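# Understanding the architecture of this molecule
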Amino acid sequence: MKSKRLIPLLLLICVFTLLTPEYCDAAAYRSYNYDYWGEALPTPDPYVPEKIIDLNQYVKDLRDIYVTADGNIWAADSSNNRIVVVNQDGELVRIIDSFVTESGQQKLNSPESVFVNSDGIIYIADTGNQRIVILNSDGEFKNIIEFDPEAVKKAQIFAEGFRFRPRSIGQGVGDKLYVISAGVYDGIMEFTSEGIFEGFIGAPRVTPSPWEVFWYRVATEEQRARRRLFIPVEFSKLDIDEIGFIYTTVASSEDKSQIVKRLSPSGTDSLIRSGKHPVVGDILISGVDPYSGMSTLIDIAVRENGLYSVLDSKRGRVFTYDSYGNLLYIFGGPGSHDGMFDRPSAIDTYEEKILVADRGKNTITVFKPTVYAQAIHAAIEYYERGDYDKSAEMWRQVLKFDAGYEMAYTGIGRNYLLQEDFATAMYYFRLGEDRTNYSKAFDYYRNELVTKNASKIISGIVIIIGLIVLMVKLGVPMKVKSQVSAALALEPGETKSALRTTLEGVWYAKHIIFHPFDGFWDVKHEKRGNVASATVILALVLISMIINIFNTGFVINTRDIRYVNIWREMASVLATFILWCAVNWGFTTLTDGKGSFKDIYIYSAYALTPMILILIPITIFSNYITADESYFYYLFYSIAVIWSMGLLFIGTITTHDYSLGKAVLSILIIVVGIVVVAFIGLLFFMIIDRLILFVMDLYNEIVYRV
């Protein structure tokens, strides 16, 4: 009987199992993306390997691939000196290793790239022979582009020792050919459809730092020869979109704006870099994996709706960006498993698939998009078409797969912004850490509130002004002041309490900030200030800074408060303050300074009073301004810092009875002394840490091995 009861339950489980939709295949690599703060967060796999095309039986050195509209894959095999064509199943279609000209049969030599245009014309970078070979769709000879050494010398536009070694080819507007040649630093070479060289475009600029320029000027001829030359960077690969813009990569560059470019036919870089991070591949150059240093982007593939994918040969990863420079997703990695690479060499696309060539394995990995990536693509496509509602709907689908995908919140927020639901738009922009669009939505929202409540605001201002005028005419402020003075007056024979003395000392800071010379003199000689008052002021400074860190407006506050340690922040300020006082006292004691450590502590604390008076008001103010108005926030913050530094300088002069020049020199030496003491202290703690580790290791060896 029990077995009969179990049969319906088993059938129900089977039905649910069959009806459950398949999610996606698992990949061996770890997909991730970067949040606003630059932290690498795991994500669903955007692409997974569909198949591996093994070309070892045809290819020895897979340098480049190009996928034509019919799906055929053209592979440049440098070692075998040929071009191999296979279909999507990896079946051999044709091999091109030679061609026939009027002078006879000629062979390819170490080809590094191949390109086929929409008419079927084949362009081969015959690198070993220093030329470009142009064949028709049947493989018959059409033309050769090469440079005559004598013509190169006469042209006088090529660097000494120039050799034409093409490594990447593309065709743009007007059938013009664009070629990247190895060892050429002047930019991308431009040719007419007939193969006539017209010049260079998009030459990467090198801007040496002022420090490098200075040392170059003062160096000797021998030192200059040994120093690194300011040579422009070299392009690695290119791809051209349907309207003729040239997307190109630079394998290595110290300038992050040089790594990926979108060049117009005139050579102007038009790549939009408005994303949260630069278009450089990995943001974290250590900690993500054992590989260190910036990504080495060696190839780029242009896709629909302004998307483009770049290949990192160092870590074997594919990074995809939208037309605004937003990083959409990352996949791939170094390794021997499917979807991972040994020496990735080229990338191309076919429909929604991404193909990556691996020179180390002589394989081509075909990646297919998961539902996660398809939702991202659909959201971007609907937005480009102007269907913002459907775009927002697809972004909500993305959030079902990845609740931390910041760009999805931005996409939904843009939809609400267009619907003029500014409050909701602000909510989503905040979730997406999109401060630019949040500022726009807040500007509209603020204007909307002011417009709706204009009469109430004006009435409130009029009432407040009227009350102030009435109170002044009735003498209320003077009466209050006299009553406070009477209350604070001492009775005959009465002495001040410690609390009262402290409060009066704190209140005296108001006089110091406007009359610093008299104020600091009175603090030292008339005892208008004391240690307790200075400590209260220092505590208020710390409180003001903590309030500022946690409550500055979203548009301005770019700190990740999730990881802010209050005690560490306070300790860093206190340590710097105490270090200033200690080094100040130690140095001025040796240079006839008149101030004691107590005097230095007091005047240094009083000098920070402007930080208290300005920090809290601008913190409140920052919550009601847009990004364009943030200038005022930083202006008042700078005023607070400069004001405090000025008071600190005057306090040093007054307390130590220094001249102006001696005070300047003393402060400079004190700052240097602080750096030296901090370095020695850090070194001391590092030595102690190493010593403790050594003792622990020695103890473990004795306990477990002896």
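Further up the page is the structure itself.
Residues numbered from 1 in each chain as written. Predicted model: local features only at pLDDT ≥ 70, side-chain atom pairs only at ≥ 80, totals over all residues. Heavy atoms only, no water.

## Some details on the side chain of Thr349
Condition: The helix count covers DSSP runs of H or I at least four residues long, the strand count covers runs of E at least two residues long, and both are numbered beginning at the N terminus. A simple rule labels every residue: compare its accessible area, found with a 1.4 Å probe on the protein chains alone, to the largest value its type can have, and call it buried under 20%, exposed over 50%, or partly exposed in between. Note on contacts: a residue pair qualifies if any of its non-hydrogen atoms lie within 4.5 Å across the two residues.
With respect to the element layout, Thr349 can be found in strand S25 (residues 344-350). Note on Thr349: relative accessible area 16%, which makes it buried. Beyond its immediate stretch of four places on either side in the chain, Thr349 contacts Val67, Ala301, Val302, Arg303, Ile354 and Leu355.

## With respect to a nonpolar patch on the surface
Rules: Patches here are clusters of residues that have more than 30% relative accessible area and form no salt bridge, with a 9 Å joining cutoff for like charges and a 5 Å cutoff for nonpolar side chains (Val, Leu, Ile, Met, Phe, Trp, Tyr). Values of accessible area rely on a 1.4 Å probe in the Shrake-Rupley scheme; residue burial ignores everything except the protein chains shown. The salt bridge definition used is simple: a Lys or Arg side-chain nitrogen within 4 Å of an Asp or Glu carboxyl oxygen.
On the surface, a nonpolar cluster with roughly 1100 Å² of combined accessible area is contributed by Phe684, Phe685, Ile688, Leu691, Ile692, Leu693, Phe694, Val695, Met696, Leu698 and Ile702. Here Phe694 lies in helix H20 (residues 660-705).

## Concerning a negative patch on the surface
Put simply, the test is: In summary, the charge assignment counts Lys and Arg as positive and Asp and Glu as negative, without counting His or the chain termini. Note that the charge is assigned to NZ on lysines, CZ on arginines, CG on aspartates and CD on glutamates.
Taken together, Glu242, Glu304, Glu351 and Glu352 make up a surface patch of like negative charges. Mapped onto the elements, Glu352 comes out in the loop between S25 and strand S26 (353-358). With relative accessibility at 34%, the residue Glu352 sits in the partly exposed group.

## A few points about the pattern of salt bridges
Once the charged atoms of two side chains with opposite charge are near each other, the side chains can pair. Across all of its chains, the model carries 26 salt bridges by this definition. Salt-bridge contacts for Lys176 lead to Glu190; the nearest nitrogen and oxygen are separated by 3.1 Å. Residue Lys176 is found in the loop between strand S14 (166-171) and strand S15 (177-181), and its partner Glu190 is found in strand S16 (residues 188-191); the two are separated by 14 residues along the sequence. Exposure remark for Glu190: the relative accessible area of 8% places this residue in the buried category.

## A short note on empty space enclosed by the protein
As a reminder, the rule being used: Only protein atoms enter the 1 Å grid, on which a cavity is a set of points fitting a 1.4 Å probe that cannot get out and a pocket is an open set with protein on both sides within 12 Å along at least 5 of 7 lines, lining residues being those with an atom within 4 Å of a point. Grid points are joined across faces, edges and corners, and a volume is the space filled by probe spheres set on the points. Three residue categories are used. Nonpolar comprises Ala, Val, Leu, Ile, Met, Phe, Trp, Tyr, Cys and Pro, charged comprises Asp, Glu, Lys and Arg, and polar comprises the others, including Gly.
A full pass over the atoms with the stated rule returns three cavities of 30 Å³ or more. Taken as a whole, the largest cavity holds about 60 Å³ of empty space. Asp322, Ser323, Tyr324, Ile380, Tyr383, Glu384, Met407 and Arg414 are the residues that line the largest cavity. Contributions of two or more residues to the lining of the largest cavity are made by helix H5 (371-385) and helix H7 (406-418). With three residues, H5 is the largest single contributor of residues to the lining of the largest cavity. For the lining of the largest cavity, the per-class residue count stands at four nonpolar, one polar and three charged.

## Notes on the layout of surface pockets
Approximately 770 Å³ is the volume attributed to the second largest pocket. As for the second largest pocket, its lining consists of 36 residues, and the residues nearest its centre are Gly275, Lys276, Asn326, Thr410 and Asp434. Going through the elements one at a time, strand S1 (32-34), strand S2 (40-42), H7 and helix H9 (435-452) are the ones with two or more residues in the lining of the second largest pocket. Class assignment of the residues belonging to the lining of the second largest pocket gives a composition of 15 nonpolar, 12 polar and nine charged.

## Concerning the sheet that holds strand S3 (residues 47-54)
As a reminder of what qualifies: Between any two strands, at least two bridges found by DSSP are needed for them to pair. Axis angles are defined between N-to-C directions and span 0 to 180 degrees, where every axis is a line fitted to C-alpha atoms and, for a helix, only to the segment in contact.
The four strands lie next to each other as S3-S27-S26-S25, forming an open sheet whose pairing is antiparallel. Looking at the sheet topology across the chains shown, the edges are occupied by S3 and S25. Strand-to-strand twist of the sheet, defined as the mean angle between neighbouring strand axes without regard to direction, takes the value 25 degrees. Here five bridges tie S26 to strand S27 (residues 363-369), and the two strands are oriented antiparallel to one another. Considered in S27, the bridge of Ile354 is made with Phe367.

## Points about the packing of helix H15 (residues 531-551) against helix H18 (residues 609-621)
What counts, and what does not: Orientation labels follow simple angle bins: below 35 degrees gives roughly parallel, above 145 gives roughly antiparallel, 65 to 115 gives roughly perpendicular, and whatever is left gives oblique. Each crossing gets its handedness from the near helix: less than a right angle anticlockwise from the far helix is left-handed, clockwise is right-handed.
For the pair H15 and H18, interaxial distance at closest approach is 9 Å and the crossing angle is 25 degrees. Classed by the angle they form, the pair H15 and H18 counts as roughly parallel. In this structure, the crossing between H15 and H18 has a hand that is left-handed. Only Thr609, Met611, Ile612, Leu615, Ile616 and Thr619 of H18 make contact with H15, whose side of the interface consists of Ile537, Leu540, Val541, Ser544, Met545, Ile547, Asn548 and Asn551. Of the residues contributing to the contact of H15 with H18, the split by class is nine nonpolar, five polar and no charged.

## Overview of the nonpolar core
Here is the rule: We call a set of buried Ala, Val, Leu, Ile, Met, Phe, Trp, Tyr and Cys residues a nonpolar core when their side-chain atoms join them within 4.5 Å.
Counting 46 residues, the largest nonpolar core has Ile376, Trp395 and Tyr405 as its most contacted members. Per-element tally for this core: the top contributor is H5, with seven residues. Setting aside residues up to four positions removed in sequence, Trp395 forms contacts with Ile376, Ala379, Ile380, Tyr405, Met407, Ala408, Gly411 and Ile412. Among the nonpolar cores identified, the runner-up in size contains 29 residues, and Val523, Ile650, Ile667 and Ile670 belong to it.

## Section: the packing of H15 against helix H17 (residues 597-606)
Contact geometry for H15 and H17: axes closest at 8 Å, N-to-C directions at 40 degrees. Comparing their axes, H17 and H15 come out oblique. Seen along the crossing, H15 lies across H17 with a hand that is left-handed. Where H15 approaches H17, its residues Val531, Ser533, Ala534, Thr535, Ile537 and Leu538 are matched on the opposing element by Lys598, Tyr601, Ile602, Ala605 and Tyr606.

## Considerations on the sheet that holds strand S5 (residues 73-77)
Taken together, the four strands give an open sheet; going across it, the order is S4-S5-S6-S7, and neighbouring strands pair in antiparallel fashion. At either end of the open sheet lies a strand with only one pairing partner, and these are strand S4 (62-67) and strand S7 (92-96). When the angles between neighbouring strand axes are averaged without regard to direction, this sheet yields 20 degrees. Judged from the five bridges that link them, S4 and S5 form a sheet pairing that is antiparallel. From the neighbouring strand, Val67 faces S5, where its bridge partner is Ile73.

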